[in-house]
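Understanding the architecture of this molecule
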Protein chains: 4
Amino acid sequence: MTVRVAVAGASGYAGGEVLRLLAAHPEVEIGTLTGHASAGQRLGALQPHLFPLADRVLEPTTPEVLAGHDVVFLALPHGQSAAVAEQLGDEVLIIDCGADFRLRDAAAWEAFYGSPHAGTWPYGLPELPGARAALRGARRVAVPGCYPTAVSLALYPAYAAGLAEPEAVVVAASGTSGAGKAPKPHLLGSEVMGSMSPYGVGGVHRHTPEMVQNLSAAAGEPVAVSFTPTLAPMARGILATCSAKARPGVTATRLRETYEKALAAEPFVRLLPEGRWPATAAVQGANAVQLQVALDEAVGRIIAISAIDNLTKGTAGGAVQSMNIALGLPEDTGLPMIGVAP
Amino acid sequence: MTVRVAVAGASGYAGGEVLRLLAAHPEVEIGTLTGHASAGQRLGALQPHLFPLADRVLEPTTPEVLAGHDVVFLALPHGQSAAVAEQLGDEVLIIDCGADFRLRDAAAWEAFYGSPHAGTWPYGLPELPGARAALRGARRVAVPGCYPTAVSLALYPAYAAGLAEPEAVVVAASGTSGAGKAPKPHLLGSEVMGSMSPYGVGGVHRHTPEMVQNLSAAAGEPVAVSFTPTLAPMARGILATCSAKARPGVTATRLRETYEKALAAEPFVRLLPEGRWPATAAVQGANAVQLQVALDEAVGRIIAISAIDNLTKGTAGGAVQSMNIALGLPEDTGLPMIGVAP
Amino acid sequence: MTVRVAVAGASGYAGGEVLRLLAAHPEVEIGTLTGHASAGQRLGALQPHLFPLADRVLEPTTPEVLAGHDVVFLALPHGQSAAVAEQLGDEVLIIDCGADFRLRDAAAWEAFYGSPHAGTWPYGLPELPGARAALRGARRVAVPGCYPTAVSLALYPAYAAGLAEPEAVVVAASGTSGAGKAPKPHLLGSEVMGSMSPYGVGGVHRHTPEMVQNLSAAAGEPVAVSFTPTLAPMARGILATCSAKARPGVTATRLRETYEKALAAEPFVRLLPEGRWPATAAVQGANAVQLQVALDEAVGRIIAISAIDNLTKGTAGGAVQSMNIALGLPEDTGLPMIGVAP
Amino acid sequence: MTVRVAVAGASGYAGGEVLRLLAAHPEVEIGTLTGHASAGQRLGALQPHLFPLADRVLEPTTPEVLAGHDVVFLALPHGQSAAVAEQLGDEVLIIDCGADFRLRDAAAWEAFYGSPHAGTWPYGLPELPGARAALRGARRVAVPGCYPTAVSLALYPAYAAGLAEPEAVVVAASGTSGAGKAPKPHLLGSEVMGSMSPYGVGGVHRHTPEMVQNLSAAAGEPVAVSFTPTLAPMARGILATCSAKARPGVTATRLRETYEKALAAEPFVRLLPEGRWPATAAVQGANAVQLQVALDEAVGRIIAISAIDNLTKGTAGGAVQSMNIALGLPEDTGLPMIGVAP
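Let me begin by describing the structure that accompanies this report. (Residues numbered from 1 in each chain as written. Chains lettered and ligands numbered in written order. Predicted model: local features only at pLDDT ≥ 70, side-chain atom pairs only at ≥ 80, totals over all residues. Heavy atoms only, no water.)

This brings us to the interface of chain B and chain A. The interface is formed by 38 residues belonging to chain B together with 38 residues belonging to chain A. Taking both sides of the interface into account, the surface hidden between chain B and chain A amounts to around 3000 Å²; carbon and sulfur atoms contribute 67%. Considering only the surface of chain B that becomes buried against chain A, Met196, Pro198 and Val201 of chain B emerge as the three largest contributors, covering 17% of it. For the pair chain B and chain A, the number of links is two salt bridges. In this structure, the salt-bridge partner of Lys245 of chain A is Glu167 of chain B, at a minimum N-O distance of 2.9 Å. The interface formed by chain B and chain A holds nine residue pairs in polar contact (both at pLDDT 80 or more) in total. Mapped by element, the contributors of at least two residues to the side of chain B that touches chain A are strand E7 (164-174), helix H8 (189-192), strand E8 (197-198), strand E9 (224-231), strand E10 (238-246) and strand E13 (301-308) of chain B. Looking at which element gives the most residues to the side of chain B that touches chain A, the answer is E9 of chain B, with five residues. Tallied by class, the residues present in the side of chain B that touches chain A amount to 20 nonpolar, 12 polar and six charged. (Contact = heavy atoms within 4.5 Å. Buried area = accessible area lost by both parts, 1.4 Å probe. Salt bridge = Lys/Arg side-chain N within 4 Å of Asp/Glu carboxyl O. Polar contact = N/O pair within 3.5 Å; in protein donor to acceptor, adjacent residues only side chain to side chain. Helix = DSSP H or I, 4+ residues; strand = E, 2+ residues; numbered from the N terminus. Nonpolar A, V, L, I, M, F, W, Y, C, P; charged D, E, K, R; others polar.)

This part covers helix H1 (residues 13-23) of chain A. Extensive coverage of H1 of chain A is indicated by the burial of nine of its 11 residues. Looking at H1 of chain A, one finds that the buried residues are Tyr13, Gly15, Gly16, Glu17, Val18, Leu19, Arg20, Leu21 and Leu22 of chain A. At its buried positions, H1 of chain A is contacted by strand E1 (3-8), strand E2 (28-35), helix H2 (43-46), strand E4 (71-74) and helix H11 (312-327) of chain A together with helix H8 (189-192) of chain C. (Buried < 20%, exposed > 50% of the residue type's maximum accessible area, 1.4 Å probe, protein only.)

All names here are of chain A. What the seven strands build is an open sheet, ordered E8-E9-E7-E10-E13-E12-E11; its pairing is mixed. Strands at the two margins of the open sheet, each flanked by one partner only, are strand E8 (197-198) and strand E11 (269-271). Bridging between strand E10 (residues 238-246) and strand E13 (residues 301-308) involves eight bridges; their strand directions are antiparallel. Looking across to E13, one finds that Ser243 is bridged to Ile303. Contacts from helix H7 (residues 146-160) reach strand E7 (164-174), strand E9 (224-231), E10, strand E12 (289-296) and E13, with the element oriented near 150° to E7. Sitting on the sheet, helix H10 (residues 252-263) is in contact with E11, E12 and E13, with an inclination near 160° to E12. (Pairing = 2+ DSSP bridges. Axes fitted to C-alpha atoms, helices over the stretch in contact; angles between N-to-C directions.)

In this section: the relation of the copies chain B and chain D. Two copies of a chain can be linked by a rotation about an axis combined with a shift along that same axis. Overlay of chain B on chain D (RMSD 0.0 Å): rotation 180°, translation along the axis 0.0 Å. Accordingly, the operation relating the two chain copies is best matched by a two-fold axis. Scanning chain B for the C-alpha nearest the rotation axis identifies Gly189 of chain B, at a separation of 1.7 Å. Of all interface residues in chain B, 100% are interface residues in chain D too; the two copies therefore contact each other through one and the same surface. (Least-squares fit on C-alpha atoms with pLDDT ≥ 70 in both.)

All names here are of chain D. The buried fraction of strand E1 (residues 3-8) amounts to five of the six residues, a majority that puts the element mostly inside the structure. Considered for its hand, the β-α-β crossover made up of E1, helix H1 (residues 13-23) and strand E2 (residues 28-35) is right-handed. Direction of pairing for E1 relative to strand E4 (residues 71-74): parallel, over a ladder of four bridges. Of the residues in E4, the one forming a bridge with Val5 is Val71. (Right-handed = clockwise from strand over helix to strand, strands pointing away.)

A word on the relation of the copies chain B and chain A. Of the transformation placing chain B onto chain A, the axial shift is 0.0 Å and the rotation is 180°, giving an RMSD of 0.0 Å. When the interface residues of chain B are mapped onto chain A, 100% of them again fall at the interface, so both copies present the same face.

Moving on, we get to the packing of aromatic side chains. Taken as a whole and judged by the stated rule, the model has 12 aromatic pairs over all chains. Measuring from centroid to centroid gives 3.8 Å for Phe101 of chain A and Trp121 of chain A, while their planes differ by 5°, and the two rings are stacked. Of this pair, Phe101 of chain A sits in the loop between strand E5 (93-96) and helix H5 (106-113) while Trp121 of chain A is found in the loop between H5 and helix H6 (131-135), placing the two residues 20 residues apart along the sequence. Take Phe101 of chain A and Trp121 of chain A: they sit in the same class, and that class is buried. Summarising the aromatic geometry, the rings of Trp109 of chain B and Tyr113 of chain B are spaced 3.9 Å apart at their centres and angled 10° between planes, so their arrangement reads as stacked. Highlighted residues: Trp109 of chain B and Tyr113 of chain B, both in helix H5 (residues 106-113), separated by four residues, approximately one helical turn. In this structure, Trp109 of chain B and Tyr113 of chain B share a single accessibility class: buried. Directly above the ring of Trp121 of chain B sits Arg140 of chain B, whose terminal nitrogen or CZ lies 5.8 Å from the centroid. (Phe/Tyr/Trp six-rings, centres within 6.5 Å; stacked < 30°, edge-to-face > 60°. Lys NZ or Arg CZ within 6 Å of the ring centre and 35° of its normal.)

Following this line, the structure appears as structure tokens:
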């Protein structure tokens, strides 16, 4: 099979990571690349690491130039995907790395994004219960947010098994690439190196309703999520420290067995041996998840911690994984499993 | 006043930071410096940044060489302070940067440290209710742990005012200097740069009972603390993200006013203007605390976040601040208020 | 003595560092602060680390608001200092952190800066031969560039003693704060963390003629300088690796003795013991220089390496040091000697 | 073809990177892994990123366990390769990542390594003139040092074309992984983050004679190399800033054309478009080289700058590239071309 793929938004971090992975994908032929302000420039000037594609010229993002591909990845600002998708045929597989089609709850969408809800597409987190079935043969995929990927994978086994009370507390540290490539003073290297700082505190981060959606679905009841994101002095990676009160009778053994059973067949998720804890470096550049869980018996809380690369499993890797499933390819085709460490 | 000061454990990070601050203290004359494996070496070979003291030679840590000083700082491994202290006279001010005399609960000490409890000294976190009175004129001071400093300052106003339920969840990120100077594989630069990782998960970190002690004292009832420390890719700094359920009727306004009132007179603590959040870089090398608080109304939790430098306000700066109080000097004598940023 | 000081350009990195140092200077009272785009804002929103000055409001940079001070620091973009200086009286001490008045060679100025030469002021690198005499009582000071500070201190002893051929090769690594606070894509944390990259290669960096000026003056003959700056993944610091062919007959012993003699009386420069090499962390935030020199006998080159903090000794610290000399204060008044390490 | 490969020294950084690449190599089956102190441990405890190999148990490094493979990679401390190699048959392809067989000059070996010279094997830097011919069908390969890889690729085109005087000055910045995984105080994260420092100054670094060998061979005359390595605050990457006086008559155009011609057919080396400069992040984890060259006409020097990943193209990637050539596989089989950036 040769799949012809276009990437809209090739100049940003998400688009660049999609291209890094597609360039090594054995079934993919990279077609049109588009940009907005960067249209007309060579990719090499914008993404110097993508040197086999350095001489590609970016075109403006229009339905015309995106037409004629089997798959189109959208790495566009929020709110722009619907218009592009409408003009591409139903037979084209569209994989949206943006937020537009992630939420099922229109009211939550409008509260957090301040614009009308565009709809809901099959959700590209294959590890969630039922997700693979919805992705097989799909022609529209909503790629999850990076934080919801890390948090949902850490906590869904506990919620699906009824082990946790429906109030989760999440503190996650992200590398700065999650904040994008548009230059802003607080994202300067001088500001972020040697510094940790929170942002979007108090329940206002837009990824919050997505976590609520995923964990509530797993639990079969509404789960409240207190989410605090922090910016860490690294380019890539998310470490999500998640906890919830254990339901009565939960033991460390039962907790461990629940996670082992839930994750045993997952090709990209590694539940670490007991006593070892995830590190983001171990999954840098890989479509991999490291995960560990513990019961703090003194306070009666389940602590689940996951590490992912926000750009790989958290965005572009998850997107390619979903593409593979949608197209009927082996799920791991072309996806790196091993992080670039140290 | 000229105070003659000795520092035991001058080759490590805590001892080095004590010396950095003492060298700029207008009332201090630096006397004997001691080390263990490093005895006999010049300080310049061990602490190249302390160049005005480069030619000082470290002596072995014995009561004899520490005698004859007005103040002795101990920056020793856990369990060694008691023996040294016993042999110094009661008139000597001993400031212990180690853990030995921090806890009042002997059972908690034994559970977390695995050795007999040595006793309890006045606690060197002057901002806590009643602490300054206990420190004035004291001749023994137990300097708090770095994490308990950050966490206690973030949450005590809420607990002292009865605003929070007695179960706190804390996730804190620390720079690597908190782990000390003894070389271990997981602390290599190659391992920590570009990586976030947790450790001591599940209630086992030794600073946990100290947080419980401080917050319980503020609340007037036992407070449970779920504490997860993480290692961040920076040399210095702690960002402590702390939360607890708000008691019924707590509003954002009342929360803010409570913190403003509690902290208004504190010389080293800055409650940031609303909407701005702490960053560890802003307090690097300073005896300063940045703090912010918010109410997440959707989940009913108080979120309080503090940033300190683990070596300065978290160790050596707090130690010098306590020395100033004990000696009757102005509390801010010789202490930097401004972080080295960017 | 109480010296009333204004700072023009208080919102940038140089202005912020000037304020950090002045706030701890015992003879200084901080007066007016100005900004351009930031006029009208509180300093706390722009420089969160300067919290004792957080409520100061920035005024626009005009001669009127700068009048009435004993000293005015200018931390303005190139080309703006002359106009401001003209309107302040001759009795005001003006310390220009910009480039406008550094070069004596008008042709070099015009070639590198593309604008008419504004003139030449006494040069604020006190360690250079003759510099202190010119600074004493001066009412105008041109603060050197950060790279020329590091390079000139590393090489002037060799050139002043006639030990080196007049062709120097310099490769220097700088922290990103040297590139300023204006947000640009290549200065994003995501781009600079984990990466080293050169810029201004091939003799085009504007600091080149300043190095040529200083080394030629020391040598008494024209010295050519091949200068390559690189951007390092750190916020602060310059490591300058400088070399030149040794003149015939130069031995390692003579080289060492020459440096020892040249630098013995310098309060802020530390020639390290033989076999030890500088590190930028050791001088972070300090007005200090670490320096080492060696003779590579196999290739006949002198290697001199210096470490400074680009914002402290490389800009604001050197500026305050020059102010102290100009005003007749002890040269080290209010200046930190010890770096914030680790 | 399925090639059965053993890796001796699988617990270190070089061995880990060899395994990361081999795990993605379509023609390789990974056989025995060995360690020294780590023998008996599972790989997952030592190299958490290599999770598809996590359950492999390391064996001690003996000829018996290494026998029966088509290829054996040696990632051992200096001086140990010869003994292992002797006991493996001549038909086994041995790829030595250590230094033992790199130098042709026995006297240089003995001067820099202080032990008897073990011999010389075909040199695994395929881009050098004549190197591919020597590697085809070879059964012994000496993988170059990381610095010599970066420096030789930057300068050999100039020397091979007779454009440069035979005295090169090299200042290179390396990530800390180049210093290995054995814990030492100066390699702690607390020490290296935020700091640049030189080491091995003055012509004493062991990679110096290897650079001399490569550049002299290209030039057809002895080339002297002044080499200063520096440690940069990043885990991976080498930026080599190399310069030499241009021979009379060399122009920028001729220099550019020389490099374009020399490198046009190289699959892993990218000479950047004029005006753009390498960055180590762009080649992180890739078997790629970014390179740029310029003529500083004011001082008459050629400046050539290269960026590589010290562990990939600088060690393990170059090793696999050489294996591919030796075995007659396409040279780029299994090798990543795109760096993990940002």
